[in-house]
Amino acid sequence: MRSNLAGPRLLLRRLREVMAEPIKAQERLDKIVVLIASNVVAEVCSVYILRADGVLELYATEGLKREAVHNASLRVGEGLVGLIAAEARPLNLPNASAHPGFAYLPETGEEAYNSFLGVPILRAGRTLGVLVVQNQSHRTYLEDEVEALQTTAMVIAEMVAAGELEAISQKATGLDMSRPIASSGVGLAEGVGLGHVVLHEPRVVVTNLISEDSDKEKQRLDGAINRLRLSIDDLLASGEIAATGEHREVLEAYRMFAYDRGWIRKIEEAIKNGLTAEAAVEKVQSDTRARMLRQTDPYLRERLHDLDDLAHRLIRELMGREHGPGIDELPQDAIIIGRNMGAAELLDYGRDRIRGLVLEEGGPTSHVTIVARALGIPAVGLVDDIVSLADGGDAIIVDGDTGEVHLRPAADLENAYAEKVRFRARRQAQYRRLRNKPSVTKDGVEVALQMNAGLLVDLPHLEEAGAAGIGLFRTELQFMVASSFPRMRDQQAQYTQILDASGGKPVTFRSLDIGGDKVLPYLRSILEENPAMGWRALRLGLDRPGLLRTQIRALLHAAAGRDLKLMFPMVVEVDEFLQARGLVEKELKHLRRHGHPVPETIRLGVMVEVPSLLFQLEELLGHVDFISVGSNDLFQFFCAVDRGNTRVADRFDPLSPPFLRALKQIVDAADKAHVPVTLCGEMAGNPLAAMALIGLGYRNLSMSPASLGPVKAMLRTLDAGRLSARLLSRMEPGHRDCDIRAFLTRFAEEMDVAL
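Residues numbered from 1 in each chain as written. Predicted model: local features only at pLDDT ≥ 70, side-chain atom pairs only at ≥ 80, totals over all residues. Heavy atoms only, no water.

Trainee: How should I be thinking about the environment of G101 in this particular structure?
Mentor: Tracing the chain through its elements places G101 in the loop between β4 (91–93) and β5 (115–123). Distance in space between the C-alpha atoms of G101 and G77 is 8.7 Å, their sequence separation being 24 residues. (Helix = DSSP H or I, 4+ residues; strand = E, 2+ residues; numbered from the N terminus.)

Trainee: Explanation requested: the environment of E463 in the structure shown.
Mentor: Mapped onto the elements of the fold, E463 is located in helix α14 (residues 460–464). Not counting residues within four places of it along the chain, the set of residues in contact with E463 comprises R435 and K505. (Contact = heavy atoms within 4.5 Å.)

Trainee: What's the story with helix α19 (residues 574–593) in this structure? I'm lost.
Mentor: Because each turn of an α-helix spans 3.6 residues, side chains separated by three or four positions in sequence point in the same direction. For α19, with 20 residues, the first-to-last C-alpha span of 29 Å sits near the 28 Å given by 1.5 Å per residue. Taken together, the buried positions of α19 are V574, E576, F577, A580, L583, V584, E587, L588 and L591. Looking at the packing, one finds that the buried side of α19 touches α17 (537–543), α18 (545–558), β18 (563–568), β19 (601–608) and α20 (617–621). G595 occupies a position one or two residues after α19 and carries a positive phi of about 75 degrees. (Expected span 1.5 Å × (residues − 1). Buried < 20%, exposed > 50% of the residue type's maximum accessible area, 1.4 Å probe, protein only.)

Trainee: Which parts of the structure should I look at to understand the sheet that holds strand β7 (residues 181–184)?
Mentor: Sheet strands pair via backbone hydrogen bonds, and the direction of the pair is either parallel or antiparallel. Pairing in this open sheet of eight strands is mixed, and the strands run β7-β14-β13-β9-β10-β11-β12-β8 from one edge to the other. In the strand order of this sheet, the two ends are held by β7 and β8 (186–189), each with one partner. Taking the axes of each pair of neighbouring strands and ignoring which way they run, one obtains an average angle of 30 degrees across the sheet. As judged from the five bridges shared by strand β9 (residues 192–199) and strand β13 (residues 395–399), these two strands associate in the antiparallel manner. Across the sheet, G195 pairs through a bridge with I396, a residue of β13. The sheet strands contacting helix α13 (residues 411–433) are β9, β13 and β14 (404–407), and the helix crosses β9 at an angle near 120 degrees. (Pairing = 2+ DSSP bridges. Axes fitted to C-alpha atoms, helices over the stretch in contact; angles between N-to-C directions.)

Trainee: Help me understand the packing of aromatic side chains, please; the structure alone is not making it clear to me.
Mentor: Two aromatic rings, taken as a pair, are described by how far apart their centres are and by the angle between their planes. Scanning the model with the defined rule gives six aromatic pairs in all. For the ring pair Y495 and F509, a centre distance of 5.5 Å and an interplane angle of 65 degrees mean the geometry is edge-to-face. Of this pair, Y495 sits in helix α16 (residues 488–501) while F509 is found in strand β17 (residues 507–510), placing the two residues 14 residues apart along the sequence. Summarising the burial analysis for this pair, Y495 and F509 share the class buried. (Phe/Tyr/Trp six-rings, centres within 6.5 Å; stacked < 30°, edge-to-face > 60°.)

Quick look at the structure:
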């Protein structure tokens, strides 16, 4: 039932006047509760604000005892006010004392009142307090009155978010909005970062809450919704979207939300009650988010991301905003927070200002993680709800070693982490002292330690870390950060710079590995059910030989008079390598015919990352000059785990006997054929896993620059022969001790190996 009052609109008009007055926070809050009581015709109106200690403190009241302000309080879940805060939904009762959760505060004098209406004070779905009205008469409050309270609660939420109420509590405890929060996730890239939050997809801050003309706001909403729907319809109608599949179902669900009349009707009601169109969208989504966060159904919680994205896009349409901060707007100590992101998106920010990365999703072998490691950026993934808990500019600490994230940390904790950073710097200095020391084990086994790279900014690490060369240069990163497809001369210029900067040390280029989850914005792609096993890497290169031949020609020009090492990724059959080698031979013939200088030597190899090659090793090794094991993809396909799927990415251990046997098979076959073999996946950069690889017989490892020091420190204290004898016996089928990780840890402790 609705009243005929113009209550909410009149209330908002008066609220705008109060908010514009140059008065102190307590006086402003006192005026607000008087306005509400008058508008709703209530004998009591009270505001409770949530403190950092989980207590709801009475901040203002009209009708209750004035001396109770800042002295009366309830815990979350306690009484009706605490229940509203816990469940984040309104409570409308004609007889409050009959409710099982009723608990009155005698110091307030509220026992005389029967009817009760309370609404949560929400911001981005997060409860910041509770707004309550009460009357002596038994009555159920009307829909207009509920709307009036909810819209007013938005205004109070902005006061809390702006820090306006922080100083007026008589307690020493701050507000919940500024409460320190400790979250645990999974460490993705080592290191510790201290800085301030930058949201990867920042919420647009709606500052204009109250409208002058509801009809005009309704027109603005209609226009923005039509544009939003049209963009979704165009995407679904395009030939790039497959007719069936899970991705299609997700987009159809997204369209369903955009056309949902119930959702639109709620926004229109908020506009009728005096909110601007963008404030109405924010209000409805905040209410929806608060309810869905408390759902136990995982499907509903996953759909929350769709609704959040839809609401944010609609607000941006209304405000004419592009999303994402410009590089010049980043603080010098930016900690990037997002649900997930691609490798190119991280590179867009510029390395010099990023101190850390926190993701709600993301896995240890996802490409953004690999880039973060390569750039030396501490990163943590699988951190629940960090996007909604954080605000831009919040102080934050990221511990990539332990997987811990501290939002708005206390000063003593910040000091402790600052000391940890200083300690790590001293430790890195120790590693730097090892850079000119030989990479030789205690028993005289030489292990070449090379580094992975993908951009020119990586090249200084070659000398700084004392790497023996570049064991994997990911050529696709140049393509991923470019706004258009790099021309041959642009590719040649970069490859020339890389070879020049290497100072004669070997560089192994990997041909273009795009497709799957590495999508180029300027290259038309197709959505696939299983992109990791789809049209990517060499498959794409052989189907579109113009792309691959252009890159090969650029590499041949750049390496003129020098050595060129080139390997091809995602090879499934030996014939694929032979086709790729044929393209190289055609380009060589072309250059010689036209009198161009060519490389002095050319060595061609294959990335062993598809299990089918394990059954073609003898034939393959008869054709290639070298092989390189890509342990990330090989493990993914070996165990049938999507490395980007956080539910299964860590389900199986790369140090398990079956996978180690596969790695042993590769190195034994390569040694027998006298073909050099390198392992360049993430295993190589973990000291414990690198120790296992040395025990298996690998003598060439390539890793991120930050891992070179720790791995070299490990191997210089390792007796490789003793490890190999004990490790290989435990890998035999039927051995009773099959926990290889535990064995390696014990071995390192017993033999005093530096891990």
